[in-house]
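# Structure assessment
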Amino acid sequence: MYSDKRRDPDVNVQENRRRLALTARFDPEKFHVAKCVHGVDVWVVGDPKPDSYDALVTDNRQVTLAAPGADCPIVLFCDPVKKICGAAHSGWRGTLDMIDAAVIDVMLTRFECKVKNIQVAIGPSIGPCCFEVGEDVAEKFTTAFGDSVVVRREGEPRPFVDLRLSIRLQLEKKGVPPKNIDDGTRAMDDTAKSQHPTQCTKCDPQQRFFSYRRDGQQFGTQVAFISLREMDDSACNIL
């Protein structure tokens, strides 16, 4: 993603997108990316395009939806029955404001999806091991998600927040079956809500991911994308 605060010019970004489209076999002219303004607006592709949106939903097989992130979770949505897909940039502000629940609402009301059929993948993001926040932010997460393990202190000078668990909790509250949520974590046991991230963008030992908190202002950006394609019995192709 292009930013005037970073050194990568827009022409390079567009070339990278062209190469990505060639490799993944989608039309680069129909590649739509979330704006990342940390809001909760959801654009249904085909409707008038708003000035800003952090999530997109479509039933159009010709388009590819994407969301970027460099610590913020990227969330992909799919209903293989109704053939609907979506993508969201779910930073901490958007997560607090329930952007992922907003995507579910659009799928349910606009496209008449059944929540039991919706599948969700939460991409690599900064984990609770590294997402250190101030007390004001921690209090907001406690208020939003109740007395849960979303906020961890354990004697640390500042609290840590589990973004992926926060997303999982809001999705489950909307009725998405737990088994339909792939967040790259594993439960401690069959009943535990606490999750352990396996892919933290900041402290991943192989540094496979870009991270704003690790790299500073010259951070790069990864992207996750999804499209609708006829592939055997599945309608959603998560690329």
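- The name recorded for the protein in an unreviewed UniProt entry is Copper ion binding, from Desmophyllum pertusum.
- We quote the UniProt Sequence similarities (unreviewed entry) comment for the protein here in full: "Belongs to the purine nucleoside phosphorylase YfiH/LACC1 family."

## A few points about the overall build of the protein
- Along the protein, the regular secondary structure elements total 6 helices and 14 strands.
- When burial is assessed residue by residue, the protein has 46% of its 239 residues classed as buried.
- A fraction of 62% describes how many contacts in the protein between residues 6 or more apart in sequence connect residues 24 or more apart.
- Accessible surface computed for the protein: about 12300 Å², of which carbon and sulfur atoms make up 48%.

## Quick notes on the side chain of H89
- Note on placement: H89 falls in strand β6 (residues 84-89).
- Residue classification places H89 among the buried positions, given a relative accessible area of 3%.
- Discounting chain neighbours no more than four positions away, the residues touching H89 are A34, C36, H38, D54, A67, P68, C72, P73 and I99.

## Considering the packing of aromatic side chains
- Inspection of every chain in the model, using the stated rule, returns 5 aromatic pairs.
- Judged by centre distance (4.8 Å) and plane angle (25°), the ring pair of F26 and F31 falls under stacked. An identical accessibility class is assigned to F26 and F31; each is buried.
- What makes F31 buried here is its relative accessible area of 10%.

## A short note on the sheet that holds strand β3 (residues 55-58)
- An order of β2-β3-β6-β5-β7-β10 is seen for the 6 strands of this open sheet, with the pairing classed as mixed. Each end of this open sheet is capped by a strand with a single partner; those strands are β2 (42-44) and β10 (181-182).
- Packed on one face of the sheet, helix α3 (residues 99-109) meets β2, β3, β5 (74-79) and β6 and runs near 20° to β5.
- Each of β5, β7 (119-122) and β10 is contacted by helix α5 (residues 163-173), which is oriented at about 170° to β7, the strand it contacts most.

## Considerations on the pattern of salt bridges
- Across all of its chains, the model carries 10 salt bridges by this definition.
- Residue E132 pairs with R158 through a salt bridge whose shortest N-O separation is 3.2 Å. Of this pair, E132 sits in the loop between β7 and α4 (135-145) while R158 sits in the loop between β8 (151-152) and β9 (160-161), and the two are 26 residues apart along the sequence.
- Since its relative accessible area comes to 30%, E132 is described here as partly exposed.
- For R158, a relative accessible area of 39% puts it in the partly exposed group.
- As a salt-bridge pair, E135 and R153 come within 2.8 Å of each other at their nearest N and O atoms. Residue E135 is found in helix α4, and its partner R153 is found in the loop between β8 and β9; the two are separated by 18 residues along the sequence.
- One connected set of salt bridges, linked through shared partners, spans E15, R18 and R19.

## Digging into the nonpolar core
- Among the nonpolar cores identified, the biggest contains 21 residues, and F77, M107, V120 and L171 are the most heavily contacted of them.
- Mapped onto this core, the elements with two or more residues apiece are β3, β5, β6, α3, β7 and α5.
- Of the residues forming this core, the biggest block, 5 residues, is contributed by α3.
- Ignoring any residue separated from it by four or fewer positions in sequence, one finds L171 in contact with F77, D100, I104, V120, V176 and I181.
- Among the nonpolar cores identified, the runner-up in size contains 16 residues, and V45, L56, I226 and L228 belong to it.

## As for the pairing of β5
- Of all 6 residues making up β5, 6 are buried, and the element is well covered by its neighbours.
- Of the two faces of β5, the one holding I74, L76 and C78 and the one holding V75, F77 and D79 are both buried throughout.
- Linking β5 back to β6 in an antiparallel pair, the connection comprises 4 residues, with K83 at a positive phi of about 60°.
- Pairing between β5 and β7: 4 bridges, direction antiparallel. Across the sheet, the residue bridging to C78 is Q119, located in β7.

## Here we look at α3
- Every buried residue of α3 is accounted for by I99, D100, A101, V103, I104, V106 and M107.
- Where α3 is buried, its residues contact β2, β3, β5, β6, α2 (92-96) and α5.

Conventions and cut-offs
- Sequence positions are assigned chain by chain, starting from 1 and proceeding in written order.
- A pLDDT threshold of at least 70 governs which residues receive local features in this predicted model, and a stricter bar of 80 or more applies before side-chain atom pairs are shown or counted, although totals over entire chains, interfaces and linings include all residues.
- Just so you know, side-chain values use all the structure's heavy atoms and leave hydrogens and water out.
- UniProt positions are given in the numbering used here, feature names are shortened, and annotations may be inferred rather than shown by experiment.
- Put simply, DSSP H or I for four residues or longer makes a helix, DSSP E for two residues or longer makes a strand, and each gets a number counted from the N terminus.
- Relative accessibility under 20% of the residue-type maximum defines a buried residue, over 50% an exposed one, and the middle range a partly exposed one, all with a 1.4 Å probe and only protein chains included.
- Throughout, a residue-residue contact means that at least one pair of heavy atoms, one from each residue, lies within 4.5 Å.
- Here the open area of atoms and residues is found with the Shrake-Rupley method and a 1.4 Å probe, where only the protein chains shown may cover a residue.
- Aromatic pairs are defined between Phe, Tyr and Trp rings, using the six-membered ring for Trp, whenever the two ring centres lie within 6.5 Å; interplanar angles under 30 degrees are classed as stacked, those over 60 as edge-to-face, and all others as tilted.
- If DSSP finds at least two bridges between two strands, the strands pair.
- To obtain an axis, a line is fitted to C-alpha atoms, over the contacting stretch when the element is a helix, and the angle between two such axes runs from 0 to 180 degrees between their N-to-C directions.
- Any Lys or Arg side-chain nitrogen found within 4 Å of a carboxyl oxygen on Asp or Glu counts as a salt bridge.
- Throughout this description, the term nonpolar core refers to a set of buried Ala, Val, Leu, Ile, Met, Phe, Trp, Tyr and Cys residues connected via side-chain atoms within 4.5 Å.

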